[in-house]
Amino acid sequence: MAARWLRLQGDVGLVTAVLPPADHGIVGELPADWEPLLRGMWRIRHFEDEVRSLFLKGQLRGSTHLAQGQEAIPIGVCDVLRIGDTTTCTYRGHGEVLAMGAPLDRAFGELLGRAGGLCGGKGGSMHFADLSVGAIGSNAIVGGHLPMAVGAGLAAQHLGTGAVSVAFLGDGATNIGAFHESCNLAAVWRLPVVFVVENNHYGEYSPMAATTPIERLATRAASYGMPGFYVDGNDVTAVRETARKAVERARAGEGPTLIEADTYRQQGHSRSDPAAYRPPGELEAWLAHDPIVRLEQAALERELAGAEELASLRAAVLDDVRAARDRALSWPEPDLQARFEDLYA
Ligand SMILES: Cc1ncc(C[n+]2csc(CCOP(=O)(O)OP(=O)(O)O)c2C)c(N)n1
Ligand SMILES: [Mg+2]
């Protein structure tokens, strides 16, 4: 890995860190429901922190891709969705499924391989889904879920349900063939699809500059004749307003939209990656731009809450998350017969 990284650095002459937007503040009034937005982000953050610690303790097997620092995107986007809408996402999709309303204990149960898990404990982190809330699939194949999202959009259009299909994807996925085919088809057929690129500036271990010849991924939308919006993905209120515009367009039959949400993953790519390839100072800059810290800061500055209230909100969510974890840990593994169930052929 080190050799590959050095070669990439040599090729692109990468010497500087990717920094967040200079302004960390959230502009204007906070919406009346800022507190549920904050609670939702804490729910995902605590969940993923617990998942990480279960891994480190050897209680959780396989691999996992965490998204600490990216919580504002699923919370902001899913907040403007309604029952019947669907989402698909990548292997980095715990937050996206939780934001659709998946219960915490069944989410833990899935990762722990328990019978009570969202998919009976047989999907794990890479196939994390909860069809009952519209989170119809995570996918380990980069871009593999994009045609599925287009399919969901086509079904909604065909059946006249008015539903919207959202696809969450990474910056790296915008370089894969399925992205082009999916955007193109969605645009040609004016499908109710919203493509949300979570631009965390890295692929598996490579910085975006090593794989992508442009900086603003939202401009890719122009090739498909669809609007491309760029948004600070660590500002939950801005994400929500941008998503609202895209979802309204989709529902009105005006076709797909591409949103590029600028963000950063605070952990390595997956469990085994210490992310030693990051330029010095980069992580620290983004920690100061953390979406949860920023919303709390905004609430404090506007005197909507005091530090103690925020601390107790955070502690209450942590209690819920840990109680859900403990329930899931007490559940049995699926029995052997379960391996023959849910098979397509
Ligand atoms: C088709 C395919 N090619 C390669 C991989 C290996 N791989 C897994 S994640 C990843 C990087 C994807 O980066 P990005 O789309 O930016 O998403 P992120 O992991 O940053 O959320 C790669 C190349 C894969 N899973 N599938
Ligand atoms: Mg990425």
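Quantities reported herein were computed from a predicted structural model and do not represent experimental measurements. (Residues numbered from 1 in each chain as written. Chains lettered and ligands numbered in written order. Predicted model: local features only at pLDDT ≥ 70, side-chain atom pairs only at ≥ 80, totals over all residues. Heavy atoms only, no water.)

**Student:** Can you walk me through the nonpolar core in this structure?
**Tutor:** The biggest cluster of nonpolar side chains holds 59 residues, and the ones touching the most others in it are F47, F108, V194 and L295. When residues of this core are assigned to their parent elements, the largest contribution, ten residues, is made by helix α2 (residues 34-56). Ignoring any residue separated from it by four or fewer positions in sequence, one finds L295 in contact with I26, L30, W34, L37, L38, M41 and V236. Within the second largest apolar cluster, 20 residues are counted, among which are L169, C183, A186 and M208. (Core = buried A, V, L, I, M, F, W, Y, C linked by side-chain atoms within 4.5 Å. Buried < 20%, exposed > 50% of the residue type's maximum accessible area, 1.4 Å probe, protein only. Helix = DSSP H or I, 4+ residues; strand = E, 2+ residues; numbered from the N terminus. Contact = heavy atoms within 4.5 Å.)

**Student:** Hey, could you run me through the pairing of strand β1 (residues 86-90) in this one?
**Tutor:** The side chains of a regular strand alternate, first on one face of the sheet and then on the other. With respect to burial, β1 is a largely interior element, five of its five residues being buried. In the sheet, β1 pairs with strand β2 (residues 135-139) via four bridges, with the strands oriented parallel. The residue bridging T87 from the neighbouring strand is A135, located in β2. (Pairing = 2+ DSSP bridges.)

**Student:** Got a minute to help me understand the site of ligand 1 in this structure?
**Tutor:** Taken together, the neighbourhood of ligand 1 is formed by 15 residues, with Y91, R92, G172, A173 and Y202 sitting nearest. At 3.1 Å from an oxygen atom of ligand 1 is found a side-chain nitrogen or oxygen belonging to D171. Between ligand 1 and the protein, one listed contact pairs a nitrogen atom with a side-chain N or O atom of E204 at 3.4 Å. Burial of ligand 1 by the surrounding chains reaches 73%, relative to a free accessible area of 580 Å². Of the residues belonging to the shell around ligand 1, the class tally is seven nonpolar, five polar and three charged. (Near = heavy atom within 4 Å. Polar contact = N/O pair within 3.5 Å; in protein donor to acceptor, adjacent residues only side chain to side chain. Areas by Shrake-Rupley, 256 points an atom, 1.4 Å probe, with all protein chains shown as cover. Nonpolar A, V, L, I, M, F, W, Y, C, P; charged D, E, K, R; others polar.)

**Student:** Can you walk me through the packing of helix α5 (residues 104-111) against helix α11 (residues 307-329) in this structure?
**Tutor:** Packing of α5 against α11 brings their axes to within 8 Å, and their N-to-C directions diverge by 50 degrees. With respect to α11, the element α5 is oriented oblique. At the point where α5 passes α11, the crossing takes the right-handed sense. Contacts from L104, D105, F108 and G109 of α5 reach α11 at D320, V321, A324, R325, R327 and A328. Partitioning the contact of α5 with α11 into residue classes produces five nonpolar, one polar and four charged. (Axes fitted to C-alpha atoms, helices over the stretch in contact; angles between N-to-C directions. Parallel < 35°, antiparallel > 145°, perpendicular 65-115°, else oblique. Left-handed = near helix turned anticlockwise from the far one by under 90°.)

**Student:** Would you take a moment to explain the coordination of the magnesium ion (ligand 2) for this structure?
**Tutor:** For the magnesium ion (ligand 2), the full set of protein donor atoms is D171 (OD), N200 (OD1) and Y202 (O), and the range of their distances to it is 2.1 to 2.2 Å. For D171, a relative accessible area of 2% gives the class buried. Taking relative accessible area as the criterion, N200 reaches 5% and is therefore assigned buried. (Donors = N, O, S within 2.8 Å, 3.2 Å for Na, K, Ca; no water.)

**Student:** When you look at the packing of aromatic side chains in this model, what are you seeing that I'm missing?
**Tutor:** Centre distance and the angle of the planes are the two values used to describe a pair of aromatic rings. Summed over the entire model, instances satisfying the criterion amount to seven aromatic pairs. Plain terms: the ring middles of F179 and Y224 are 6.3 Å apart, the flat faces sit at 90 degrees to each other, and that makes the pair edge-to-face. Here Y224 lies in the loop between β4 (193-199) and β5 (228-232) and F179 lies in helix α7 (residues 177-188), a separation of 45 residues in the sequence. Here F179 and Y224 have matching classes, each one buried. Measuring from centroid to centroid gives 6.1 Å for Y205 and Y277, while their planes differ by 70 degrees, and the two rings are edge-to-face. One end of the pair, Y205, is in the loop between β4 and β5; the other, Y277, is in the loop between β6 (257-262) and α9 (282-287), with 72 residues separating them in the sequence. Y205 sits in the buried class, given a relative accessible area of 18%. Taken together, the ring pairs in this structure connect Y202, Y205, Y264, Y277 and W286 into an aromatic cluster. (Phe/Tyr/Trp six-rings, centres within 6.5 Å; stacked < 30°, edge-to-face > 60°.)

Any functional reading would require information beyond the geometric quantities listed.
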